[in-house]
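Below are the chains, spelled out letter by letter.
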2 protein chains.
Amino acid sequence: MTRPGGRSARVREAVHRAVIELLAEGETTAGVPQIAERAGVNPTSVYRRWGSCASVLLDAAVARLSLTSPVPDTGSLRGDVEQWATAVERALADPDGAVLVRALITFIGTSADPIERLLSRGEDLEQMLTAAASRGEPAPNLQDLLDYVLAPMYLRVLLSRPIEPGLGVKLADRLLTAAGLPPASGQGG
Amino acid sequence: MTRPGGRSARVREAVHRAVIELLAEGETTAGVPQIAERAGVNPTSVYRRWGSCASVLLDAAVARLSLTSPVPDTGSLRGDVEQWATAVERALADPDGAVLVRALITFIGTSADPIERLLSRGEDLEQMLTAAASRGEPAPNLQDLLDYVLAPMYLRVLLSRPIEPGLGVKLADRLLTAAGLPPASGQGG
């Protein structure tokens, strides 16, 4: 007998893994039965828990994004933005991450649902910027963070161009310079 | 009797229009027969000229992009970048333009072919920047132009967020400020 929580978490992980694998193999139109078969679970369980394969995809993307790009709390705006940008850089340089971003974007084009899940992610980032402002740092707003740091990395994924190592820190520095933060000076990292 | 050039151009326009309409209606997996039927041309003509529906899509995207976003030559870097950014802003704010960008990105994910066509577009922009440098202006490189100006606009298309009027000029100004160009001062436009 396994505890429901443990089994539930394993099913979720298996289903996420299945959808990522299928996407990576070019199966961009895989349905719930195909995902369930690959995950070794009953299609009914997938329908009951997620409702549709679009919902599975979104759940996998958000879970992976949260896992690989946690919102940091280093105590300084520069530290936070550099750490977040580097985590995003790593997530997108990973082939699985790129596959998920691509699939997510295709899916967003056909539905309005995912925006809300993504916005909750935006709220976490907003808190990071608000905390910096409350420490008296010249914090940029969320849109600027996305424009300066996230957008150029997404562009590379979408055009199938490589993400050069260190790009995250470089883009973070652009944002912080534009926001009026003094340049980084030998503070390591 | 019509001249071959005239007829050929009309077929191309009809086929482009057909693929954009089908995409706008959500028919993201339309094949050559469906495109040909909508355009009122023989499928054989489409296969002979384009080879595949992916190729039709790419041709339509590049044609529309060139049409709505010509590479400018105003005589100043600021004028050129602002004019280009505003043209891109308009092309992407248009629903057809957004539909094409989305489809193009999905397609790039499954093929390496389109990159070359897009790169030829990049060469035009590179000439614009080289011309500025040869006039002694502090011109940014092509990657910076794409990162500062194009990427934030694409991000809005991909996340289905509105492109606010004036965004192009705002992003152009960020790029030019970072490149060390003096701020715009009442030079109109």
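These figures come from a predicted structure and were not determined experimentally.

1. Here's the deal with the packing of aromatic side chains
Applying the stated rule across the entire model yields one aromatic pair over all chains. Each ring, one from A:Tyr148 and one from B:Tyr148, has its centre 6.0 Å from the other, and the planes form 80 degrees; the classification is edge-to-face. In this pair, A:Tyr148 is assigned in helix α8 (residues 142-158) and B:Tyr148 in helix α8 (residues 142-158), connecting two distinct chains. A relative accessible area of 10% means that B:Tyr148 is categorised as buried.

2. Regarding the environment of B:Pro138
All names here are of chain B. As for its placement among the helices and strands, proline 138 is situated in the loop between α7 (114-134) and α8. Given a relative accessible area of 34%, proline 138 falls into the partly exposed group. Sequence separation of proline 138 and alanine 179 is 41 residues, and the distance between their C-alpha atoms is 6.3 Å.

3. Concerning the packing of helix α2 (residues 32-39) of chain A against helix α3 (residues 43-50) of chain A
All names here are of chain A. One can describe the packing of α2 onto α3 by two numbers: an axis separation of 8 Å at closest approach and a directional angle of 115 degrees. Pair α2 / α3 crosses with right-handed handedness. Touching Val32, Pro33 and Ala36 of α2 are Pro43, Val46 and Tyr47, all from α3. Of the residues assigned to the contact of α2 with α3, the class counts are six nonpolar, no polar and no charged.

4. A few points about the nonpolar core
Counting 66 residues, the largest nonpolar core has A:Leu145, A:Val149, B:Leu145 and B:Val149 as the members making the most contacts within it. Formed by 27 residues, the second largest nonpolar core is a distinct cluster that contains B:Val11, B:Ile35, B:Ala60 and B:Leu104.

5. Section: the confidence of the model for chain A
When the pLDDT values of chain A are averaged, the result is 85; 86% of them are 70 or greater. Here helix α6 (residues 95-108) of chain A is the element of chain A with the lowest mean pLDDT, 78, and helix α9 (residues 167-179) of chain A is the one with the highest, 97.

The rules we used
- Residues numbered from 1 in each chain as written.
- Chains lettered and ligands numbered in written order.
- Predicted model: local features only at pLDDT ≥ 70, side-chain atom pairs only at ≥ 80, totals over all residues.
- Heavy atoms only, no water.
- Phe/Tyr/Trp six-rings, centres within 6.5 Å; stacked < 30°, edge-to-face > 60°.
- Helix = DSSP H or I, 4+ residues; strand = E, 2+ residues; numbered from the N terminus.
- Buried < 20%, exposed > 50% of the residue type's maximum accessible area, 1.4 Å probe, protein only.
- Axes fitted to C-alpha atoms, helices over the stretch in contact; angles between N-to-C directions.
- Left-handed = near helix turned anticlockwise from the far one by under 90°.
- Contact = heavy atoms within 4.5 Å.
- Nonpolar A, V, L, I, M, F, W, Y, C, P; charged D, E, K, R; others polar.
- Core = buried A, V, L, I, M, F, W, Y, C linked by side-chain atoms within 4.5 Å.
- pLDDT = per-residue confidence, 0-100.

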